[in-house]
Amino acid sequence: MHLSHAHTPSRLQLNSQGRLRHFLTTEGLSKEQLTEILDFAESFLAPDGSITNQPLLAGRTVMNLFFEASTRTLTTFAVAAKRLSADVVNIDIAKSSNSKGETLRDMLWNLEAMTADTFVVRHSQSGAAHFIASQVTPKVAVINAGDGRHNHPTQGMLDMLTIRRHAGDFSQLTVAIIGDVRHSRVARSEIYALQTLGAKEIRVIAPRTLQPKDFQQLGIKLYERLEQGLEGADVVIALRIQNERMESPLLASPEEFYALYGLTPQKLAYAKPNAIVMHPGPINRGVEIASEVADGHQSLILKQVNYGIAVRMAVLALTMQGQLTTRKEG
Amino acid sequence: MHLSHAHTPSRLQLNSQGRLRHFLTTEGLSKEQLTEILDFAESFLAPDGSITNQPLLAGRTVMNLFFEASTRTLTTFAVAAKRLSADVVNIDIAKSSNSKGETLRDMLWNLEAMTADTFVVRHSQSGAAHFIASQVTPKVAVINAGDGRHNHPTQGMLDMLTIRRHAGDFSQLTVAIIGDVRHSRVARSEIYALQTLGAKEIRVIAPRTLQPKDFQQLGIKLYERLEQGLEGADVVIALRIQNERMESPLLASPEEFYALYGLTPQKLAYAKPNAIVMHPGPINRGVEIASEVADGHQSLILKQVNYGIAVRMAVLALTMQGQLTTRKEG
Amino acid sequence: MHLSHAHTPSRLQLNSQGRLRHFLTTEGLSKEQLTEILDFAESFLAPDGSITNQPLLAGRTVMNLFFEASTRTLTTFAVAAKRLSADVVNIDIAKSSNSKGETLRDMLWNLEAMTADTFVVRHSQSGAAHFIASQVTPKVAVINAGDGRHNHPTQGMLDMLTIRRHAGDFSQLTVAIIGDVRHSRVARSEIYALQTLGAKEIRVIAPRTLQPKDFQQLGIKLYERLEQGLEGADVVIALRIQNERMESPLLASPEEFYALYGLTPQKLAYAKPNAIVMHPGPINRGVEIASEVADGHQSLILKQVNYGIAVRMAVLALTMQGQLTTRKEG
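The structure displayed is predicted, hence computed values, not measured ones. (Residues numbered from 1 in each chain as written. Chains lettered and ligands numbered in written order. Predicted model: local features only at pLDDT ≥ 70, side-chain atom pairs only at ≥ 80, totals over all residues. Heavy atoms only, no water.)

### Quick look at the overall build of chain A
So the rule is basically this: Each helix corresponds to a stretch of at least 4 residues labelled H or I by DSSP, and each strand to a stretch of at least 2 residues labelled E; elements are numbered beginning at the N terminus. With the radius of gyration taken over C-alpha atoms, the globule rule is written as 2.2 Å times the number of residues to the power 0.38. By definition, residues are in contact when any of their heavy atoms lie within 4.5 Å. Reported accessibility uses the Shrake-Rupley method at a 1.4 Å probe radius. Residues are deemed covered only where the shown protein chains occlude them. Counting rule applied: Lys, Arg positive; Asp, Glu negative; His and chain ends not counted. All charge positions are set by atom: Lys at NZ, Arg at CZ, Asp at CG, Glu at CD.
A count of helices and strands for chain A gives 13 helices and nine strands. The C-alpha atoms of chain A give 20 Å as radius of gyration, which agrees with the globular expectation for 330 residues (20 Å, within 12%). For the C-alpha atoms alone, the extent of chain A along its principal axes is close to 55 × 45 × 35 Å. Considering only intrachain contacts with a sequence separation of at least 6, the fraction spanning at least 24 residues in chain A is 75%. For chain A, the exposed area adds up to about 12,000 Å²; of that, 49% sits on carbon and sulfur atoms. A distance of 3 Å separates the average location of the 34 positive side-chain charges in chain A from that of its 32 negative side-chain charges.

### Points about the interface of chain C and chain B
As a reminder of what qualifies: The term buried area denotes the loss of accessible surface (1.4 Å probe radius) that occurs when two parts are joined, taken as the sum for both partners. By salt bridge we mean one thing: a side-chain nitrogen of Lys or Arg within 4 Å of a carboxyl oxygen of Asp or Glu. In protein, a polar contact means a hydrogen-donor-capable atom and an acceptor-capable atom, both N or O and within 3.5 Å, with residues adjacent in sequence counting only if both atoms are side-chain atoms; elsewhere, any N or O pair within 3.5 Å suffices. Gly falls in the polar group here, along with every residue not listed as nonpolar (Ala, Val, Leu, Ile, Met, Phe, Trp, Tyr, Cys, Pro) or charged (Asp, Glu, Lys, Arg).
Every contact between the two is made by 21 residues of chain C and, on the other side, 21 residues of chain B. When chain C packs against chain B, close to 1,900 Å² is buried across both sides, 54% of that on carbon and sulfur atoms. The interface formed by chain C and chain B includes one salt bridge. Salt-bridge contacts for Arg-285 of chain B lead to Asp-106 of chain C; the nearest nitrogen and oxygen are separated by 2.6 Å. The tally of links from chain C across to chain B stands at six residue pairs in polar contact (both at pLDDT 80 or more). Broken down by secondary-structure element, the contributors of at least two residues to the side of chain C that touches chain B are β1 (61–66), β2 (87–91) and α4 (104–113) of chain C. Among the residues forming the side of chain C that touches chain B, the class breakdown is seven nonpolar, seven polar and seven charged.

### Details of the interface of chain A and chain B
Taken residue by residue, the interface counts 21 residues in chain A and 21 residues in chain B. Note on chain A versus chain B: buried area summed over both sides is about 1,900 Å², and carbon and sulfur give 55% of it. The largest contributions to the chain A side of the interface with chain B come from Thr-71, Lys-82 and Leu-302 of chain A, which together make up 25% of the buried area. In this assembly, chain A and chain B are joined by six residue pairs in polar contact (both at pLDDT 80 or more). Among the elements of the structure, α3 (71–83) and α13 (301–329) of chain A are those that each provide at least two residues to the side of chain A that touches chain B. Residue contributions to the side of chain A that touches chain B peak at seven residues, all from α3 of chain A. When its residues are assigned to classes, the side of chain A that touches chain B shows eight nonpolar, seven polar and six charged.

### What about the packing of aromatic side chains?
The description of two aromatic rings rests on the distance between their centres and on the angle between their planes. All names here are of chain B. Our working rule: In this analysis, rings of Phe, Tyr and Trp, with Trp reduced to its six-membered ring, are considered paired at centre separations within 6.5 Å, and the interplanar angle assigns stacked below 30 degrees, edge-to-face beyond 60, and tilted for intermediate values. For every residue, the accessible area (1.4 Å probe, protein chains only) is compared with the maximum for its type, and the residue is labelled buried under 20%, exposed over 50%, or partly exposed between those bounds.
Tallied over the entire structure, the rule returns six aromatic pairs over all chains. Centre to centre, the rings of Phe-257 and Tyr-261 are 5.4 Å apart; their planes meet at 35°, and the pair counts as tilted. Remark: Tyr-261 and Phe-257 occur in helix α10 (residues 254–261); sequence separation between them is four residues, near one turn of the helix. Note on accessibility: Phe-257 and Tyr-261 belong to one class, buried.

### Some thoughts on the pairing of strand β8 (residues 235–238) of chain B
Residues and elements named next belong to chain B. Applied cut-off: Strands were regarded as paired on the criterion that DSSP finds at least two bridges between them.
The alternating pattern of β8 places Val-235 and Ile-237 and Val-236 and Ala-238 on opposite faces, both of which are buried. Across four bridges, the pairing between strand β5 (residues 174–178) and β8 is parallel. Residue pairing for β8: Ile-177 is matched across the bridge by Ile-237. Bridge count for β8 against strand β9 (residues 276–278) is three bridges, and the pairing is parallel. Counterpart to Ile-237 in the pairing with β9 is Met-278.

### Side note on the sheet that holds strand β8 (residues 235–238) of chain C
All names here are of chain C. Where we set the bar: Only C-alpha atoms enter the line fits that serve as axes; for helices the fit covers just the stretch in contact. Angles between N-to-C directions range over 0 to 180 degrees.
Taken together, five strands build an open sheet; the order of strands is β7-β6-β5-β8-β9 and the sheet is parallel. Single-partner strands in this sheet number two, and they are β7 (221–223) and β9 (276–278). The average undirected angle you get between the axes of adjacent strands in this sheet is 20°. Here strand β5 (residues 174–178) runs beside strand β6 (residues 201–205); their pairing, made up of five bridges, is parallel.

### Quick word on the relation of the copies chain C and chain B
Formally: Copies are brought into register by a least-squares superposition over C-alpha atoms of residues with pLDDT of at least 70 in both.
Superposing chain C onto chain B takes a rotation of 120° combined with a translation of 0.0 Å along the rotation axis, leaving an RMSD of 0.0 Å. The transformation just described matches what one would write down for a three-fold rotation axis.

### Re the environment of Gln-266 of chain C
With respect to the secondary-structure elements, Gln-266 of chain C resides in helix α11 (residues 265–268). Residue class for Gln-266 of chain C comes out exposed when judged on its relative accessible area of 58%.

### Here's the deal with the environment of His-150 of chain C
All names here are of chain C. Within the secondary structure, His-150 sits in the loop between β4 (141–147) and α6 (153–166). Overall, His-150 belongs to the partly exposed group, its relative accessible area being 28%. For the pair formed by His-150 and Leu-57, sequence separation is 93 residues and the distance between their alpha carbons is 28 Å. The residues touching His-150, leaving out its near neighbours within four places in the chain, are Ser-126, Gly-127, Arg-185 and Arg-188.

### Section: the packing of α4 of chain C against helix α5 (residues 128–135) of chain C
All names here are of chain C. Test applied: Should an angle fall under 35 degrees it is taken as roughly parallel, and over 145 as roughly antiparallel, whereas 65 to 115 is taken as roughly perpendicular and any remaining angle as oblique. Handedness of a crossing follows from how the near helix is turned relative to the far one, being left-handed for an anticlockwise turn of less than a right angle and right-handed for a clockwise one.
Orientation of α4 relative to α5, taken along the N-to-C sense of each, is 60°, at an axis distance of 10 Å. Considered as vectors, α4 and α5 are oriented oblique to each other. Helix-helix and strand crossings are classified by hand; for α4 and α5 the assignment is right-handed. On α5, the residues touching Leu-104, Arg-105, Leu-108 and Trp-109 of α4 are Phe-131, Ile-132 and Gln-135. The residue inventory of the contact of α4 with α5, partitioned by class, reads five nonpolar, one polar and one charged.

### Notes on the sheet that holds β2 of chain C
All names here are of chain C. Reading across from one edge, β2-β1-β3-β4 is the order of the four strands in this open sheet, with parallel pairing throughout. Each edge of the open sheet is held by one strand with a lone partner, namely β2 and β4. On average, each strand axis in the sheet is inclined to that of its neighbour by 15°, with strand direction left out of account. By the bridge criterion, five bridges tie β1 to strand β3 (residues 118–123) in an arrangement that is parallel. Bridging from a neighbouring strand, Phe-66 pairs with Arg-122 of β3. Running at roughly 175° to β1, helix α3 (residues 71–83) makes contact with β1, β2, β3 and β4 of the sheet.

### As for the side chain of His-279 of chain C
Residues and elements named next belong to chain C. If you trace the backbone, His-279 turns up in the loop between β9 and α12 (291–294). Within polar-contact distance, the side chain of His-279 engages the backbone nitrogen of Gly-281 at 2.7 Å. Within the local environment of His-279, its side chain forms a polar contact with the side chain of Glu-288, the two groups lying 2.6 Å apart. Those residues in contact with His-279, other than ones at most four positions away along the chain, are Ala-238, Leu-239, Arg-240, Glu-288, Ile-301 and Gln-304.

### Considerations on the side chain of Glu-201 of chain A
Structurally, the position occupied by Glu-201 of chain A is in strand β6 (residues 201–205). With near-sequence residues (within four places) excluded, Glu-201 of chain A lies in contact with Leu-173, Thr-174, Val-175, Lys-221 and Tyr-223 of chain A.

### What to know about the domain arrangement of chain A
All names here are of chain A. To keep it simple, the criterion reads: Bear in mind that the domain bounds are from an automatic or database domain assignment.
Once the domains are mapped, chain A shows domain 1 (9–152 + 306–329) and domain 2 (154–303). On a C-alpha basis, the centroid separation for the pair domain 1 and domain 2 is 26 Å. Between domain 1 and domain 2, the contact holds 34 residues from the first and 27 residues from the second. Taken over both partners, the interface formed by domain 1 and domain 2 buries close to 2,700 Å², and the fraction arising from carbon and sulfur atoms is 57%. Per-residue buried area on domain 1 facing domain 2 is highest for Arg-149, His-152 and Tyr-307; these three make up 29% of the total on that side. Linking domain 1 with domain 2 are four salt bridges. In this structure, Glu-42 engages Arg-164 in a salt bridge whose closest nitrogen and oxygen atoms are separated by 2.5 Å.

This is how it looks when you write it as structure tokens:
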């Protein structure tokens, strides 16, 4: 797949009225646009924590195009789509006509002709969702469910919803992100959203080899020592160390990482007493996070998963609305 | 997976009001509880043999967790859940984050947070469904769809429904179970249910190597000779010989098994003339059962499959009710 | 699987009132019957090209039995069934009890007992769908989604719908089919339908090795030179060259095939100026068809895919009606 393209993702995802018609990245969206997603997501949350169904996508077909396997993310999108009464179709890419020599573009156009309304795309290559959005007709909305190291915007937004509900006003918050920020699509999506939503301070805590190279201009503070980075933090986000990274020379060993950066009760004590703890999951107990913290009262890890359903419902419904508007224009 | 646990399955599956909130085993349930399942299942059966849909699980999410592949059982649960208007999600365990090093408990909690209401669990290890039920929060109901040699309680109950509808009052019935009872989760589930429902006599017919070791206290009669065991039987259940057993020293050969224990018309003649014939399927024609018997007028093998949909609907709906009650208490 | 059978497919697919109860082949159906399918399909097409949902199969269970993988065809049937509000279950044949030694007939009967209403069958062996239709009880409708080289009747009918909507009255039309007609189930289904619907002239354009051996009696005109065959054609259908054929001695090479039979703008110019171009997909760009033609204004390739949803909805609904009638008779 050739991923060069003329449009920037942030442009591509809005229609001429400024409405979201794809959801590819949190980068370039305004505070109002991000807040609209959060408000809409919140509208699905019942007081008891359960999710309210709404038939906003009845008669619509959501196709999951997972070029990279992810049972976890696939399941959340499938559940979210069904809670909106959509018809959900999982395309088995490995078995598809892609392997018969069909081009990606032909595959997309064919799936569109099969009356797809939304493509939920997961791909190991950065920029894949954006490329796909640049190829489809105005009839289809594209949602990025994770592309390479690039973005995972629904994960970013469910983290924002968790923060807003449990830590409060972004302008008062110091957020510390711990771990492999350089290779994390989750961190990238979070940082753009936190910037736009006006977080008081964003910190990245990581060994030098895993610190990001391209966020300096965003005013992020880099820390090598966990204790320093956590001091005064309201929100603590531990990232997952990918298995493939564990054996690379970037990390001495999982044990050493845990000794220096593992979120233990002792380390967490450096943050504010009521700081909330988050993790995108699945967690590596004893690598990024101690079980006492993961299962402790400050942890919102499972709440995040739950909010993820509401956020994906919101994004599915909003892009559908934006796509319908675009369709009328087109 | 570590399967030791504090609670007995029979305790675990009832809430404080004595309502079914998981369905793990037929052992330990009262006659009233088993009869409630049968009555509820029967309420879905239309006079013409078709199944009536009822939207009792609308807006609920049933997740199938099949650690061991079983297209047959998976399909019956999927159909039953859809006939109750549930959203059904099959979790591809092989591809899931289990393989990313996530613990089983973390996986379960994450799936719960994705708003699962029911887990239908199939596992090759005895006790797995029980272990899972001991880990989940009160929000989720667990249904055992077969765990190792332990239990397959929905299969047991569909057999009870078949007997009740076609052979009548349990207290009048002599039931003969033929085959590898020692390794059969189906037989185990049947025997507990037959005991509780008050069957007049339960017989096990098998070569000594395949006779169960742990049912003596239940007053079961053991037979080595098929003809003797069938004499006067009202219900004849032939079990499936698992392929892996066929090559073990426990069985001389499939041919020899058929010669001694295969249910042929000649052998069946030893039972009562109107005896009904059952088999949990899939059948090995010419190993456990002759085609003339499998396809004959005494055979209820396909009726069993059909009743299986109704029984699974009943169990899905009853555990949901029990779980809702538990949730309110919790 | 043993595929000999007593009934001809065309007989088997009608009930005693002449209504479609299976859909196995376009062969032997009357003009009225084919037209009924086309009219019904057209009733699902909204003026803007979108597909109208109709809950004609609410509470019915459609089971996809794909013995041969085809993501593309599976997806179209799944979407069509869901747009009719059916419950859709994909049977994973590779993992099913077929591999446990169960016979095909036992598998079918078991799936029926699981309350299947329709089997959508794909198989690599010619005659498989017909064999399956000969085995099921009157409760189940069978739809052929492609069997070996034999038939792919829903593809044939979606091509007919495309022609009727975009080229007009069959009796005025010269239709040219280019490519491997000998091994094409699509061509076979098209040719029978075109004959019955009264096409003015049907031409087959192919190298001698790929010309069909058994259509002469149908009055088809055979051409070896593309330019000659296209002259005066109203409808031009390029068939897919199967990958496995590309390496066989029947074809010199994909390049040579393209040089002689590839549909380029220059070659297409031999047909009528407003001729429509079709292809069953997935297309091999630069083998059967040039990109300029595939993406050009005469191409209806993606329209075909879209009409395929409507045609499959029509066939699912019509066979269900025919099956209900049969059931009442039986």
